[in-house]
Amino acid sequence: YARRKSEYCPTDNEITRTKPRVMMALSMFAHRVTFDTKPQAKLARVCVVRRTTLARVNASDTGPNSALTSFTEAVKRFGAGLLASVIIARPSTAFQSETTSVFGDLAGLEANPVTNARALLRNALPIDNKQIRDVQRKLESISDDLRVPGVRFSGVESSVSGAYKIVSIDTAKILASVAPEKLNDGKSALAQLQRELEDFKVIVNNKDKQEVPYAQQRALALVGQIEEDMVKEFPFTIPSPYEAAPLLKGRATVEVEVKVKDNASLDTGIMTIILDGYNAPVTAGNFVDLVQRGFYDGMDIQRSDGFVIQSGKPTAKGQDGFIDPISRKERTIPLEIMPKMKDKDGLPVYEFTFEDVGKYRDEPVLPFNAFGTLAMARREAEPNSASSQFFFLLKESELTPSGTNILDGRYSVFGYVVDGQELLRELKAGDVIQSMKVVDGAENLVNGLRDDMLSASESST
């Protein structure tokens, strides 16, 4: 197991259990990381080598299920400490890992758990219309049929026909959930979806396997549009003292342009991120505010080690995050994770990990399932120390399996890369974020830079 060399590694007690009866072992590889330990920036190296994690079962436990539970928990604890060192510490360039994720809107749609970014975002919307959710599930299930050699057209036909039937018969029930001010948009999108499904049926009858995935994407895009039109208001009241922070009360789309150095086949690249303020309003609001301030423009990619792509640390000596120009102090935000099993108030869990509050088996609404999951970096021992540093997870199946991800419930996810994910494979430390800009949803930010400027203008007059 990992020997405790810093606050970023788990202790022996965190990995093992007393009164051993059954023992299992898991061999894991890690890599060498470096981090600053003195003001003089002298680098100390921590070498995490191949070790064996031992999961022990208490003498009172019996049976394989209890052994497996203990083993799984031990793996999660070890992995969390390991990946925390990746997220927080500054890495060497000696280790590079290859990942094998599938890109595109078809990947992971009907997988259990879901690994497709757009599907995760659809699922995270605070709506409860059964009919549109049934249409969504039927269309997403087509991905399973596409994986069958030659395409399983009987399954595609069943799904498309089922979705068309719901849209045709339950039009009134679907529109009843649309927000009044968005009703015209909802009607238009629903009518367009019905036409798209009619065309889809023709494609299936012609057994045009090349066109099926494109028709699926078009239909799901309309489903997502209708579902977003169903959000009538922000789903919960943000508690004090966070209500005064920059907040994203809805969603926003951010375009990131990166200058790629020393790459003969790629000079610049653009990727698109959707930020989810419905489930992480403080975290997403903080990020959008920094984007609008131009904080990330011209900043280097500071880490690329096969596990994560990370940036956001200011270049000024001694600074780890964004310094508020008014308070002249580092602005930090709380840990913020929305659980699927919500309490009566419907709030995210603030300031504590799921483990801290006893939600051992709960899952977050925004999980670390998709390649390009976006989350805030923080100090491992300080849940509320996030400021400006962020990371994209490069999904790696052995250490970060979907649905049992060792980061879920420990770090604040607030968005996903939905276009240009392939760019993440090419990025390395030293590449430059040329610009970040909000291309949609800027009006959903409150208490941000523009509000501060407006308040200052009103005060001066």
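Refer to the structure presented above.
Read on for a plain summary of the structure. Fair warning: this is a prediction, and the values are worked out from it, not measured in the lab.

**A word on the nonpolar core**
Thought 1: Counting residues in each nonpolar core, the largest one holds 102 residues, and the members touching the most others are Leu139, Leu193, Leu197, Phe200 and Leu275.
Thought 2: Sequence-distant contacts of Phe200, defined by excluding residues within four places in its chain, comprise Leu139, Ile142, Val156, Val160, Val212, Ala215 and Gln216.

**Brief notes about the packing of aromatic side chains**
Thought 1: Within this structure, the stated rule accounts for 12 aromatic pairs.
Thought 2: For the ring pair Phe287 and Phe390, a centre distance of 5.5 Å and an interplane angle of 85° mean the geometry is edge-to-face. Taken together, the positions of Phe287 in helix 10 (residues 281-292) and Phe390 in strand 15 (residues 390-393) put the pair 103 residues apart, joining distant regions of the chain. This pair shows no difference in class: Phe287 is buried, exactly as Phe390 is.
Thought 3: Here the aromatic rings of Phe287 and Phe414 are separated by 5.2 Å at their centres, their planes lie at 55°, and the arrangement is tilted. In this pair, Phe287 sits in helix 10 while Phe414 sits in strand 16 (residues 413-419), placing the two residues 127 residues apart along the sequence.
Thought 4: In this structure Phe414 comes out as buried when scored by relative accessible area, which is 0%.

**Section: unusual backbone geometry**
Thought 1: Note that the residue after Ser240, namely Pro241, is joined by a cis bond; omega there is 5°.
Thought 2: With respect to the helices and strands, the residue Pro241 is situated in the loop between helix 9 (212-229) and strand 6 (247-248).
Thought 3: Phi at Arg328 is positive, roughly 60°, even though this residue is not glycine.
Thought 4: Within the fold, Arg328 resides in the loop between strand 11 (308-311) and strand 12 (336-337).
Thought 5: Residue classification places Arg328 among the exposed residues on the basis of a relative accessible area of 69%.

**Describing the pairing of strand 14 (residues 373-376)**
Thought 1: Here strand 14 shows two buried faces, one formed by Thr373 and Ala375 and the other by Leu374 and Met376.
Thought 2: Here strand 14 runs beside strand 15; their pairing, made up of 4 bridges, is antiparallel. Within strand 15, the position partnered with Met376 by the bridge is Phe390.
Thought 3: Looking at chain direction, strand 14 and strand 16 are connected through 3 bridges and run antiparallel. By the bridge assignment for strand 16, Leu374 is matched with Gly415.

**Section: helix 9**
Thought 1: Taking 1.5 Å of rise per residue, the 18 residues of helix 9 would be expected to cover 26 Å, and the 26 Å separating its terminal C-alpha atoms lies within 8% of that figure.
Thought 2: Along helix 9, the positions that sit buried rather than exposed are Val212, Pro213, Ala215, Gln216, Ala219, Leu220, Leu222, Val223, Gly224, Ile226, Glu227 and Asp229.
Thought 3: Each element contacted by the buried residues of helix 9 is listed here: helix 3 (117-123), helix 4 (130-140), helix 5 (142-146), helix 6 (153-169), helix 7 (171-175) and helix 8 (183-205).

**Points about the pattern of salt bridges**
Thought 1: Scanning all chains against the criterion turns up 21 salt bridges.
Thought 2: Put simply, Lys259 and Asp267 hold a salt bridge, and the shortest N to O gap is 2.4 Å.
Thought 3: Here Asp267 falls in the partly exposed class, since its relative accessible area comes to 44%.
Thought 4: Salt-bridge contacts for Asp343 lead to Lys359; the nearest nitrogen and oxygen are separated by 3.9 Å. Placement of Asp343 in the loop between strand 12 and strand 13 (349-350) and of Lys359 in the loop between strand 13 and strand 14 is noted, with a sequence separation of 16 residues between them.
Thought 5: For Lys359, a relative accessible area of 18% translates into the label buried.
Thought 6: Connected through salt bridges with shared partners, the residues Lys313, Asp320, Arg379 and Glu382 form a single ionic network.

Parameters at a glance
Residues numbered from 1 in each chain as written. Predicted model: local features only at pLDDT ≥ 70, side-chain atom pairs only at ≥ 80, totals over all residues. Heavy atoms only, no water. Core = buried A, V, L, I, M, F, W, Y, C linked by side-chain atoms within 4.5 Å. Buried < 20%, exposed > 50% of the residue type's maximum accessible area, 1.4 Å probe, protein only. Contact = heavy atoms within 4.5 Å. Phe/Tyr/Trp six-rings, centres within 6.5 Å; stacked < 30°, edge-to-face > 60°. Helix = DSSP H or I, 4+ residues; strand = E, 2+ residues; numbered from the N terminus. Pairing = 2+ DSSP bridges. Expected span 1.5 Å × (residues − 1). Salt bridge = Lys/Arg side-chain N within 4 Å of Asp/Glu carboxyl O.

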